[in-house]
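# Structural features, examined
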Amino acid sequence: MGGTVTTVSSHGEHAFSKVNRPAITLLAGLGVEGDAHAGVTVQHRSRVAQDPTQPNLRQVHLIHEELFDEVAAAGFTVAPGELGENITTRGIDLLGLPTGTLLRIGREAVVEVTGLRNPCGQIDGFQAGLLKQVVGRDEETGQIVRKAGSMGIVRTGGVVRPGDPIEAELPDGPHHPLERV
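Below you will find a few notes about this structure.

Turning our attention to the nonpolar core. Counting 22 residues, the largest nonpolar core has Leu26, Val60, Leu62, Ile87, Leu103, Ile105 and Val160 as its most contacted members. Listing elements by their share of this core, those giving two or more residues are strand E1 (2-10), strand E3 (24-27), strand E5 (60-64), strand E7 (102-105), strand E8 (109-116) and strand E13 (165-169). The element that contributes the greatest number of residues to this core is E8, accounting for four residues. Excluding anything up to four places from it in sequence, Ile105 contacts Val5, Leu62, Ile87, Val111, Val160, Pro165 and Ile166. Residues Phe68, Leu83, Leu130 and Val134 belong to the second largest nonpolar core, which totals twelve residues.

Here the focus is the pairing of strand E11 (residues 150-156). For E11, a buried count of five out of seven residues is recorded, marking the element as mostly surrounded by other parts of the structure. Strand direction decides the pairing type here: E8 and E11, joined by six bridges, are antiparallel. Opposite Val113, over in E11, you have Gly152 as the bridge partner.

Turning to the environment of Thr114, a few remarks are in order. Relative to the assigned elements, Thr114 resides in strand E8. By relative accessible area, Thr114 is classed as buried at 13%. The spatial distance from the C-alpha of Thr114 to the C-alpha of Pro98 is 8.7 Å, given a sequence separation of 16 residues. Filtering out sequence-adjacent residues up to four positions away, Thr114 remains in contact with Leu57, Thr99, Met151, Gly152, Ile153, Leu178 and Val181. Looking at Thr114, its side chain comes within polar contact range of the main-chain oxygen of Leu57, at 2.6 Å.

Now for unusual backbone geometry. That bond from Gly173 to Pro174 is cis: its omega, -5°, falls within 30 degrees of zero. Among the secondary structure elements, Pro174 is positioned in the segment after E13.

What follows deals with the environment of Gly100. Within the secondary structure, Gly100 sits in the loop between strand E6 (87-90) and E7. Residue classification places Gly100 among the buried residues on the basis of a relative accessible area of 18%. Through-space distance from the C-alpha of Gly100 to that of Glu140 is 27 Å; in sequence the pair is 40 residues apart. Setting aside residues no more than four positions away along its own chain, Gly100 makes contact with Glu112, Val113 and Pro171.

Taken in spatial order, the three strands line up as E4-E3-E12 in an open sheet, and their pairing is antiparallel. With one partner strand each, in any of the chains shown, strand E4 (31-32) and strand E12 (158-160) form the two edges of the open sheet. Pairing of E3 with E4, which is carried by two bridges, proceeds in the antiparallel orientation. Counterpart to Leu26 in the pairing with E4 is Val32.

What the rule picks out here adds up to seven salt bridges. Taking the shortest distance from any N to any O, the salt bridge between Lys18 and Asp35 comes out at 3.0 Å. Of this pair, Lys18 sits in the loop between E1 and strand E2 (19-21) while Asp35 is found in the loop between E4 and helix H1 (45-50), placing the two residues 17 residues apart along the sequence. For the pair shown, Lys18 and Asp35 are each scored as buried. The partner of Glu169 in a salt bridge is Arg104, and the shortest N-O contact between them spans 2.8 Å. Taken as a pair, Glu169 in strand E13 and Arg104 in strand E7 lie far apart in primary sequence, 65 residues in all. Salt bridges sharing common partners tie together Glu65, Glu66, Asp69 and Arg90.

Conventions adopted
Residues numbered from 1 in each chain as written. Predicted model: local features only at pLDDT ≥ 70, side-chain atom pairs only at ≥ 80, totals over all residues. Heavy atoms only, no water. Core = buried A, V, L, I, M, F, W, Y, C linked by side-chain atoms within 4.5 Å. Buried < 20%, exposed > 50% of the residue type's maximum accessible area, 1.4 Å probe, protein only. Helix = DSSP H or I, 4+ residues; strand = E, 2+ residues; numbered from the N terminus. Contact = heavy atoms within 4.5 Å. Pairing = 2+ DSSP bridges. Polar contact = N/O pair within 3.5 Å; in protein donor to acceptor, adjacent residues only side chain to side chain. Salt bridge = Lys/Arg side-chain N within 4 Å of Asp/Glu carboxyl O.

Quick look at the structure:
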């Protein structure tokens, strides 16, 4: 299983969207160099308010570019970085990977997938009605379906650029589906 990095983004301040860059540097155990969400412990404001000592399982946010195509069909225009992701991908099923999958990105970087992004109401502040496009319920099971990307922690640092290949290495079984983190 593999794909390609299409865009990389970061932002040094807590902002909804991130700035597209020619490259980002992933730092082992921390996240994206210079990004507001980098750190050993949680950096997301609402999670810091709950418990600032929690481990940061959201060091890197990845979104599949195919999501932008899907929401475009519903009348929304979303560009890479606008939903706050660090790495935009194409050709890899980020949402279908099991917890603990290692993503080998470019020459050196390795990100361990920890779970799904739990989208919040800020998405509707960005574009009214968009939240319902990225989170909903499965019609058959009634389960919540989150489509706003996956989160991970940096196991091995390295530079990541658009065009870099991504290879998924599944963990030894049994596999556990991603849950929100």
